[in-house]
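Chains, contacts and geometry: an overview
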Amino acid sequence: ELAALRPSADFDPTADDYEKAIKVCNKLLNLDAHDATAYHCKIVAMVQAGKFQDCIKQLENNKFDLDLQFEDAYCHYRLNDPLKAMKILDGVINPQVKHNELRAQVLYRLEQYENCFTVYRDIIRSSDDKYETERKTNLSAVTAQLA
Amino acid sequence: KPLFYDVALYHVEMPSLDHKL
Ligand SMILES: [K+]
């Protein structure tokens, strides 16, 4: 059943697909409460389905050895609590691109445009992925606020 | 309001399931 959750190039899941994925993960967790992958998939599906409050509740009971600080911070960001999101991001020991990406968005929400600009400049310099165009658009938005 | 993408959402990704399949 987990194979259905496997992403493929032509698969563009809807919120409904993620609702189904949550159900599959719940089934798997009922069979094996220690299934860390099912738990991880459930958290991702909850975020993608927009169930941010429920997701934070789930993460409070994270018994697994999984680093889900990014997902936790993202939920707080979407629930319009950028300060809490920032607090979680500040606690990340080895931040990756995704953490800095979210930090930039949190700084934008906090209207800290100069810091936001610096984070985007660093991400754009150091990253080479399929989101370069979106980042440059975001950087333009930040620059417009600085002008 | 200027266009601003939620790129962080794209980083919320399913874990690798290869070891499970
Ligand atoms: K935003």
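No experiment lies behind these values; they were computed from the predicted model shown. (Residues numbered from 1 in each chain as written. Chains lettered and ligands numbered in written order. Predicted model: local features only at pLDDT ≥ 70, side-chain atom pairs only at ≥ 80, totals over all residues. Heavy atoms only, no water.)

1. Re the packing of aromatic side chains
Condition: Between 30 and 60 degrees the pair is tilted, below 30 it is stacked and above 60 it is edge-to-face, where a pair is any two Phe, Tyr or Trp rings, Trp via its six-membered ring, whose centres lie within 6.5 Å. Each residue's exposure class comes from its accessible area (1.4 Å probe, protein chains only) as a fraction of the maximum for that residue type: buried when under 20%, exposed when over 50%, partly exposed otherwise. Helical segments are the DSSP runs of H or I of at least four residues, strand segments are the runs of E of at least two, and each set is numbered from the N terminus.
For the structure on display, the rule yields 7 aromatic pairs over all chains. Geometrically, the ring pair formed by Tyr108(A) and Tyr113(A) is edge-to-face, given 5.6 Å between the ring centres and 70 degrees between the ring planes. Accessibility classification places Tyr108(A) together with Tyr113(A) in one group, the buried group. Centroid distance Tyr108(A) to Phe4(B): 3.8 Å. Interplanar angle 10 degrees. Geometry classified as stacked. Residue Tyr108(A) is located in helix H6 (residues 97-109), and its partner Phe4(B) is located in the segment before helix H1 (7-10); the two belong to separate chains. Through pairs of rings, three or more aromatic residues link up here, namely Tyr108(A), Tyr113(A), Tyr120(A) and Phe4(B).

2. Considering the packing of helix H4 (residues 69-78) of chain A against H6(A)
Residue and element names in this part refer to chain A. Note the following rule: Geometry is summarised by axes, namely lines fitted to C-alpha atoms with helices restricted to the contacting stretch, and by angles between N-to-C directions that run from 0 to 180 degrees. The cut-offs work like this: below 35 degrees is roughly parallel, past 145 is roughly antiparallel, 65 to 115 is roughly perpendicular, and the gaps in between are oblique. Left-handed describes a crossing whose near helix is turned anticlockwise from the far helix through less than a right angle; right-handed describes the clockwise counterpart. Whether two residues touch is decided by their heavy atoms; if any such pair falls within 4.5 Å, the residues are in contact. For this classification, the nonpolar set comprises Ala, Val, Leu, Ile, Met, Phe, Trp, Tyr, Cys and Pro, the charged set comprises Asp, Glu, Lys and Arg, and every other residue, Gly included, is treated as polar.
Interhelical geometry of H4 versus H6 gives an angle of 20 degrees and a closest axis separation of 11 Å. Comparing the axis directions of H4 and H6 gives the class roughly parallel. Taken as a pair, H4 and H6 cross one another with a handedness that is left-handed. Seen from H4, the contacting residues are Phe 70, Glu 71, Ala 73, Tyr 74 and Tyr 77; seen from H6, they are Lys 98, His 99, Leu 102, Gln 105, Val 106 and Arg 109. For the contact of H4 with H6, a count of residues per class yields 6 nonpolar, 2 polar and 3 charged.

3. Focus on the pattern of salt bridges
Residue and element names in this part refer to chain A. For clarity, the threshold we go by: What counts as a salt bridge is simple: a side-chain nitrogen of Lys or Arg found within 4 Å of a carboxyl oxygen of Asp or Glu.
Per the counting criterion, the structure on display carries 8 salt bridges over all chains. Note that Asp 122 is salt-bridged to Arg 121, the shortest N-O span being 3.7 Å. We note a salt bridge from Arg 135 to Glu 132, for which the minimum N-O separation is 3.0 Å. Here the residue Arg 135 and the residue Glu 132 both occupy positions in helix H8 (residues 132-146), the gap between them amounting to 3 residues, near one helical turn. The exposure classification of Arg 135 matches that of Glu 132, with both residues buried.

4. A word on the interface of chain B and chain A
Which entries qualify depends on this criterion: Each of two parts loses accessible area, computed with a 1.4 Å probe, when they are put together; buried area is these two losses added.
Contacts between the two partners involve 20 residues from chain B, matched on the other side by 33 residues from chain A. Of the roughly 2500 Å² buried between chain B and chain A on both sides combined, carbon and sulfur atoms contribute 71%. At the junction of chain B with chain A, the criterion picks out 1 salt bridge. Split by residue class, the side of chain B that touches chain A holds 13 nonpolar, 3 polar and 4 charged.

5. Overview of helix H3 (residues 52-60) of chain A
Residue and element names in this part refer to chain A. Going by this rule: The directions considered for the arc are those from the helix axis to the C-beta atoms.
Among the residues making up H3, those that are buried are Phe 52, Cys 55, Ile 56 and Leu 59. Looking straight down H3, one finds its buried side chains confined to an arc of 100 degrees; they lie on one side. Counted as exposed and oriented over 90 degrees from the buried face of H3: Lys 57 and Glu 60. Buried residues in H3 make contact with helix H2 (36-48) and H4.

6. Re the layout of surface pockets
All names here are of chain A. To be explicit about the condition: Grid spacing is 1 Å over the protein atoms alone, the probe is 1.4 Å, and a cavity is where that probe fits but cannot get out, while a pocket is an open set with protein on both sides within 12 Å along at least five of seven lines and lining residues have an atom within 4 Å of a point. Grid points are joined across faces, edges and corners, and a volume is the space filled by probe spheres set on the points.
A volume near 170 Å³ is recorded for the second largest pocket. For the lining of the second largest pocket, the leading source of residues is H6, giving 3 residues. For the lining of the second largest pocket, a count of residues per class yields 5 nonpolar, 2 polar and 3 charged.

7. So, a nonpolar patch on the surface
Residue and element names in this part refer to chain B. Cut-off, in case you're wondering: Patch membership requires over 30% relative accessible area and the absence of a salt bridge. Like charges are linked within 9 Å, and nonpolar side chains (Val, Leu, Ile, Met, Phe, Trp, Tyr) within 5 Å. We get accessible surface area from the Shrake-Rupley algorithm with a probe of 1.4 Å; when it comes to residues, only the shown protein chains can shield them.
Taken together, the side chains of Leu 3, Tyr 5 and Tyr 10 make up a nonpolar region of the molecular surface, amounting to roughly 280 Å² of accessible area. Examined against the element boundaries, Leu 3 turns out to sit in the segment before H1. Using a relative accessible area of 53% as the deciding quantity, one classes Leu 3 as exposed.

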